[in-house]
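Reading the structure
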Amino acid sequence: MTRPSKIAIVKELGSRSPRCLAAHAVRGNDEPELVVVERYPAALGEAVLATLDEDTRALAPFEHANVATLIATVKLKGDVAVLSEWVDGESLESVLAAPSKPSFEILLRVMNDVLEALGALHATGDGRVCGSLGSDDVFVGVDGVTRITRFGLGRIPPDALGARRTTSMAPEYLRGERSPRGDVYTAGTLLWECFMGERFSPGAKLDVSKREPWAAGLADVIARALEGEPAKRYASASELAAAIARVASSKMASRAVVSQWVARTFGERIEARLVKYEPKVDFSLSNVPPPMTVPPPVVTPAAP
């Protein structure tokens, strides 16, 4: 995607960690567009920020229907910000907390979209993984399509993403070991939250038939995704998606049904979040600096 030449921060978005902002961005001669800006503080250190920049650059060309595309990294008053595609939708965290609960059929479609994105990332063959993935990273769109934000930045330390992340990360990720099987575990925690209706807790009893008797077959699938030993899990997100399809594909809601539910439940809130472009905004006050030049960390070769 073309790197923006100018940005203007216009609004704070909720209380996510890292800090999340809305901005208008200009790319070339195009009209300003609304984008999301996630701000990572300089206090994280040069090595972390260099990794963030490297991964964002590497993943910017990666486009998928179920991913909020990464655009660029920029410096923002000493901090580093990641710009990504705006999603007209609501977070899965809010969806699960809605007074009008989504059906299991809707949640199956949401998680199918999540696994489609993870599967595509694993299929690139370059060893990249998503790493951290919480319910506030998953946005269910008013168009019925679910997209992952902050996608593929799996090498960022958990403490840079908020303490809650450690509960949804595979145990081996916390030791610095990355693989698609770790993403399967992370997806398993989201499946747990979707179908149990509560925050994932390692060791808790899994019974997805409490709400829908037909969903009993999902229990074994989710349990395998959450195995503590990586070798016992599904090998990839695509394999996990196939296992879910075998027990519940006929129950999956259409995107039209998802769209109608999101619009009915969150339509006014989503509309209020939009920030219309005002021509009086002076973009010259917020020119995007050139690409980051954070020096890479110094690596001392191991002794022979």
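Residues numbered from 1 in each chain as written. Predicted model: local features only at pLDDT ≥ 70, side-chain atom pairs only at ≥ 80, totals over all residues. Heavy atoms only, no water.

1. Some words on the environment of Arg-155
Let me state the cut-off plainly: Numbered from the N terminus, helices here are DSSP runs of H or I no shorter than four residues, and strands are runs of E no shorter than two.
Within the secondary structure, Arg-155 sits in the loop between β8 (146-148) and α4 (180-196). Spatially, the C-alpha atoms of Arg-155 and Thr-51 are 7.2 Å apart, while their sequence positions differ by 104 residues.

2. Side note on the nonpolar core
Rules: We define the nonpolar core as a collection of buried residues of types Ala, Val, Leu, Ile, Met, Phe, Trp, Tyr and Cys that are connected through side-chain atoms lying within 4.5 Å of one another. Partly exposed describes any residue whose relative accessible area lies between the buried limit of under 20% and the exposed limit of over 50%, with all areas from a 1.4 Å probe on protein chains only and scaled to the type maximum.
Counting 67 residues, the largest nonpolar core has Leu-92, Leu-118, Phe-151, Phe-195 and Leu-240 as the members making the most contacts within it. Ranked by residue count, the leading element in this core is helix α3 (residues 104-122), at 11 residues.

3. Looking at the sheet that holds strand β6 (residues 89-91)
To be explicit about the condition: Any two strands with at least two DSSP bridges between them are considered paired. Axes here refer to lines fitted to C-alpha atoms; in helices the fit is confined to the stretch in contact. Angles between the N-to-C directions go from 0 to 180 degrees. Two residues qualify as a contact provided that any one of their heavy atoms is within 4.5 Å of a heavy atom in the partner residue.
With antiparallel pairing, three strands are arranged side by side in an open sheet as β6-β7-β8. The open sheet has two edge strands with one neighbour each: β6 and β8. Here the strands of the sheet are splayed against their neighbours by 30° on average, with no regard to which way each runs. Relative to strand β7 (residues 138-141), β6 runs antiparallel, the two being bridged by three bridges. Each residue of the ladder has a partner; that of Ser-91, found in β7, is Phe-139. Packing of α3 onto the sheet brings it into contact with β7 and β8, and relative to β8 it is tilted by some 40°.

4. As for the packing of α4 against helix α6 (residues 237-248)
To be explicit about the condition: Rotating anticlockwise by less than a right angle from the far helix to the near helix defines a left-handed crossing, while the corresponding clockwise rotation defines a right-handed one. Residue type decides the class: Asp, Glu, Lys and Arg count as charged, Ala, Val, Leu, Ile, Met, Phe, Trp, Tyr, Cys and Pro as nonpolar, and the leftover types, Gly among them, as polar.
In the contact formed by α4 and α6, the axes pass within 9 Å of each other and the chain directions differ by 35°. You can see that α4 and α6 cross each other, and the crossing is right-handed. Taking contact as the criterion, the partners of Val-184, Ala-187 and Leu-191 in α4 are, on α6, Ala-237, Leu-240 and Ile-244. When its residues are assigned to classes, the contact of α4 with α6 shows six nonpolar, no polar and no charged.

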